[in-house]
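What follows is the residue order along each chain.
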Amino acid sequence: MVEATQHLKTRCCIVGGGPAGIMLGLLLARTGVQTLVLEKHRDFLRDFRGDTVHPSTLEILNEVGLKQRFDQLPQHRVQKLQALFADGPLVFGDFSTLKPYPYLALVPQWDLLDLLSQEARRYPNFSLLMQAEVTTLVRSGDAVTGVRATTPDGELVVQADLVVACDGRHSTLRAAAGLQSNNLGAPMDVMWFRLPRADTDPDDTFGVAGRGGFLVLLNRNDYWQVACVIPKGQAEEWRRKPIEQFRNNIARRCAMLTPHVDAIQSWDDVKLLEVRVDRLRRWHRPGLLLIGDAAHAMSPIGGVGINLAIQDAVAAANILGPVLQGQSPVEEHMLAAVQKRRMLPTRLMQRVQLIMQRRLIEPALAAKDDGQAARAPAIARFLTKSRLIRTIPARIFGLGFRREHVRRPH
Ligand SMILES: Cc1cc2nc3c(=O)[nH]c(=O)nc-3n(C[C@H](O)[C@H](O)[C@H](O)COP(=O)(O)OP(=O)(O)OC[C@H]3O[C@@H](n4cnc5c(N)ncnc54)[C@H](O)[C@@H]3O)c2cc1C
């Protein structure tokens, strides 16, 4: 039996229901724009994604009237970021002086997306179609006029005045549009897993400095979310080894975890994040805009990916919302205005991340893993004595550069 192709028409079609796509959908829906979001998964339930909600995003949530409901989500609030070295701990990020939100919140990304999409669904002009995987663009001459997707009910063709690609770091639409990105390089990959937390474990979220690799432990209240940072490309080598070797390595790097490492039963419990840092030279084509990870994949340093994606969405809604509310065509110079607005903060944040990758991470990963914990560089120990200096990384990562605000607050 040949299934009939379904056709839909909308003003704005957003591809990808991650933080960028759902936030943009909500913001456009609030201003009365007919908006359709297509998401390939059946739900938002994916583990080990960007779960670090920074003060810049908390401000946006407040502006759209969702901060109180956000506060009710299960979360752990972090005020100080510290690293444990052989010669003692070192606080290198202090959020406590930031106003009005002196903390970053660790919240499961699916809870945040559920909250945003529930709010968006209150608007009759908003639709979210799950299990709709976009396969390619529909064009008329040079211009993008829609997308083609597969759904459980067959093929779907969506005709739209504007398509916004929010389909993440492996963007299908980026490739379909033939847009070129600059690969800025990353020396590491990250292996993520969960371990149980004992009542006696510290309450902090912290890094454990090591040689040849290091750990970051995120306190998720009832468990530790652990990142094991390894030299780029070594994951395959690790995966060929018995899981016991990996468990022993983790226990050696952080003795506190020794009683818990058996919770990693097989390599299936360890998820790989292939770190990439890249940026599109051009974020648009006629009828098509790319934002979030689809336009710029960020390094995990500072946990800024989700926050930049949301800032992009706010900028796009502020710039494009007024024209999308009417019937006029969305000219390409308006899409270029979104790129112009967001290019500088993206570039600056990636610059900071690249400096940290080169100065801190590369030397740590290049050191021979002799089972010893690393010592803090003397300059780092000296600088982080000053509270003012400890506030600078918190300001950079927590607030970002050129903060966006919702033009039509709640
Ligand atoms: C393992 C991991 C850990 C991370 N940890 C952190 C962290 O601690 N802090 C942080 O800030 N960031 C982290 N990030 C990055 C963060 O998740 C992203 O920067 C952020 O989610 C970007 O949001 P986005 O909406 O642009 O893209 P994404 O969150 O990637 O969302 C893209 C969406 O598009 C959907 N999609 C993809 N292709 C299609 C298609 N063809 N058709 C329809 N839908 C499609 C996907 O299913 C997904 O829902 C992590 C990422 C990963 C992978």
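Participant: Outline the pairing of strand β5 (residues 80–85), supporting the account with residue identities and numerical values.
Facilitator: With 6 bridges connecting them, β5 and strand β6 (residues 88–94) associate as antiparallel partners. Each bridged residue has a counterpart across the sheet, and for leucine 84 the counterpart in β6 is proline 89. Hairpin geometry of β5 and β6 is characterised by an intervening segment of 2 residues between the two adjacent antiparallel strands. Sheet topology note: the β5/strand β14 (residues 205–208) ladder contains 4 bridges and is parallel. Paired with glutamine 82 across the bridge in β14 is phenylalanine 206.

Participant: So what's going on with the sheet that holds β6? Which residues, and what values?
Facilitator: The strand order β6-β5-β14-β15-β16-β13-β17 describes an open sheet built from 7 strands, whose pairing is mixed. At either end of the open sheet lies a strand with only one pairing partner, and these are β6 and β17 (271–273). Averaged over all pairs of adjacent strands, the angle between their axes in this sheet comes to 25°, without regard to strand direction.

Participant: Got a sec to walk through the pattern of salt bridges? Specific residues and values, please.
Facilitator: Scanning all chains against the criterion turns up 20 salt bridges. Between arginine 11 and aspartate 161 there is a salt bridge; the shortest N-O distance is 3.0 Å. Residue arginine 11 is found in strand β1 (residues 6–15), and its partner aspartate 161 is found in strand β11 (residues 154–165); the two are separated by 150 residues along the sequence. Given a relative accessible area of 39%, aspartate 161 falls into the partly exposed group. Through salt bridges with shared partners, one network takes in Asp312, Arg341, Arg342 and Glu404.

Participant: Quick rundown of the environment of aspartate 203? Include the residues and the values.
Facilitator: As for its placement among the helices and strands, aspartate 203 is situated in the loop between β13 (188–196) and β14. By relative accessible area, aspartate 203 is classed as exposed at 53%. Placed 60 residues apart in sequence, aspartate 203 and alanine 143 show a C-alpha to C-alpha distance of 53 Å. Ignoring anything within four residues of it in the chain, the contact list for aspartate 203 reads His76, Arg197 and Asn219.

So, how was this worked out
Residues numbered from 1 in each chain as written. Predicted model: local features only at pLDDT ≥ 70, side-chain atom pairs only at ≥ 80, totals over all residues. Heavy atoms only, no water. Pairing = 2+ DSSP bridges. Helix = DSSP H or I, 4+ residues; strand = E, 2+ residues; numbered from the N terminus. Axes fitted to C-alpha atoms, helices over the stretch in contact; angles between N-to-C directions. Salt bridge = Lys/Arg side-chain N within 4 Å of Asp/Glu carboxyl O. Buried < 20%, exposed > 50% of the residue type's maximum accessible area, 1.4 Å probe, protein only. Contact = heavy atoms within 4.5 Å.

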